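Understanding the architecture of this molecule
Residue-level listing of the chains:
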Amino acid sequence: MSTIKNMAAGLGGAIALNLLHEALKHKKGTPRIDLVGEEAIQKTLKPIDAEIENEDNLYAATLGADLVSNAMYYSSIGIGGSKNLWTRAITIGLTAGVGAVTLPEPMGLDEEPVAGTTQKKAMTVGYYLFGALVTAALLKAMKVK
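All values derive from a computational prediction rather than experimental measurement.

Here a ring pair, both rings aromatic, is described through the centre-centre distance and the interplanar angle of the planes. According to the stated counting rule, one finds one aromatic pair in the structure shown. Measuring from ring centre to ring centre gives 6.2 Å for Tyr 73 and Tyr 74, while their planes differ by 45°; the resulting arrangement is tilted. Relative accessible area serves as the criterion here: at 31%, Tyr 73 is assigned to the partly exposed category.

Before going further, it helps to spend a moment on the packing of helix 1 (residues 3-24) against helix 6 (residues 118-141). At a minimum axis distance of 8 Å, the contact between helix 1 and helix 6 shows a crossing angle of 145°. Helix 6 is crossed by helix 1, and the crossing has right-handed handedness. Contacts between helix 1 and helix 6 involve Lys 5, Asn 6, Ala 9, Gly 10, Gly 12, Gly 13, Ala 16, Leu 17, Leu 20, His 21 and Leu 24 from the first element and Met 123, Tyr 127, Tyr 128, Phe 130, Gly 131, Val 134, Thr 135, Leu 138 and Leu 139 from the second. Looking at the contact of helix 1 with helix 6 residue by residue, the class counts come to twelve nonpolar, seven polar and one charged.

Here we come to the nonpolar core. With 23 residues, the main nonpolar core has Tyr 74, Ile 77 and Tyr 128 as its most contacted residues. Beyond its immediate stretch of four places on either side in the chain, Tyr 128 contacts Leu 17, Ile 33, Asp 66, Asn 70, Tyr 74, Gly 93, Ala 96, Gly 97 and Ala 100.

In this section: the layout of surface pockets. In this structure, the largest pocket spans a volume of roughly 640 Å³. Along the walls of the largest pocket sit 29 residues, with Ile 33, Gly 37, Asp 66, Ala 100 and Tyr 128 positioned nearest its centre. Only helix 1, helix 2 (33-45), helix 3 (55-75) and helix 4 (85-102) provide two or more residues apiece to the lining of the largest pocket. With eight residues, the single largest contributor to the lining of the largest pocket is helix 3. Partitioning the lining of the largest pocket into residue classes produces 17 nonpolar, eight polar and four charged.

Using the criterion set out here, one finds four salt bridges in the structure. Here Lys 25 ties to Asp 34 by a salt bridge, and the two come within 3.4 Å at their closest N and O atoms. In terms of burial, Lys 25 and Asp 34 fall into one category: buried. Residue Arg 32 is joined to Asp 34 by a salt bridge in which the shortest nitrogen-to-oxygen separation is 2.8 Å. Asp 34 carries the same exposure label as Arg 32, and that label is buried. Ionic contacts of the salt-bridge type, sharing partners, join the residues Glu 22, Lys 25, Arg 32 and Asp 34 into one network.

Its place among the elements puts Asn 70 in helix 3. When its relative accessible area of 7% is taken as the criterion, Asn 70 is described as buried. In this structure the side chain of Asn 70 is engaged in a polar contact, spanning 2.8 Å, whose partner is the side chain of Asp 66. If we skip the residues at most four places from it in the chain, Asn 70 touches Gly 10, Ala 14, Leu 17 and Tyr 128.

Moving on to unusual backbone geometry. For Asp 49, which is not glycine, the phi torsion reads 55° and is therefore positive. Along the chain, the position of Asp 49 falls in the loop between helix 2 and helix 3. Owing to a relative accessible area of 76%, Asp 49 belongs among the exposed residues under this scheme. Residues other than glycine seldom take positive phi values, yet Asn 84 does so here, at roughly 65°. Structurally, Asn 84 can be placed in the loop between helix 3 and helix 4.

Thresholds, definitions, all that
- Residues numbered from 1 in each chain as written.
- Predicted model: local features only at pLDDT ≥ 70, side-chain atom pairs only at ≥ 80, totals over all residues.
- Heavy atoms only, no water.
- Phe/Tyr/Trp six-rings, centres within 6.5 Å; stacked < 30°, edge-to-face > 60°.
- Buried < 20%, exposed > 50% of the residue type's maximum accessible area, 1.4 Å probe, protein only.
- Axes fitted to C-alpha atoms, helices over the stretch in contact; angles between N-to-C directions.
- Helix = DSSP H or I, 4+ residues; strand = E, 2+ residues; numbered from the N terminus.
- Left-handed = near helix turned anticlockwise from the far one by under 90°.
- Contact = heavy atoms within 4.5 Å.
- Nonpolar A, V, L, I, M, F, W, Y, C, P; charged D, E, K, R; others polar.
- Core = buried A, V, L, I, M, F, W, Y, C linked by side-chain atoms within 4.5 Å.
- 1 Å grid on protein atoms, 1.4 Å probe; cavity = no way out; pocket = protein on both sides within 12 Å on 5 of 7 lines; lining within 4 Å.
- Points joined across faces, edges and corners; volume = space filled by probe spheres on them.
- Salt bridge = Lys/Arg side-chain N within 4 Å of Asp/Glu carboxyl O.
- Polar contact = N/O pair within 3.5 Å; in protein donor to acceptor, adjacent residues only side chain to side chain.

Any functional reading would require information that these geometric values do not contain.
Pasting the structure below:
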């Protein structure tokens, strides 16, 4: 399978995930994946005595990091060709979602924005599954062999 097609589809899935999150993040009871990402970036910068003070810059850095990391992760859905494409997409999407829910706490991050309620947990997993399914659909549309 073409690496370029995999990356393009992965980026499409990452964009879909972020559009869904951005559209819903201010609704009551929905996950705030962005807040976990912002906290992770600030925590990463702390050992070098740096921080991003401007909220707009922090938001942009978080969104950029999220798009790149999710695009790379979702691009792995295309590895292996069209056989079992949907199974890989579901597995990768669920794995990403479960990781987003379960990893903040052991990483020393606040888990409440994504795992504070059962609804937030389910929606977070659903968001990542959605991004993976969009990736698979894009790969299918590109007729990746």
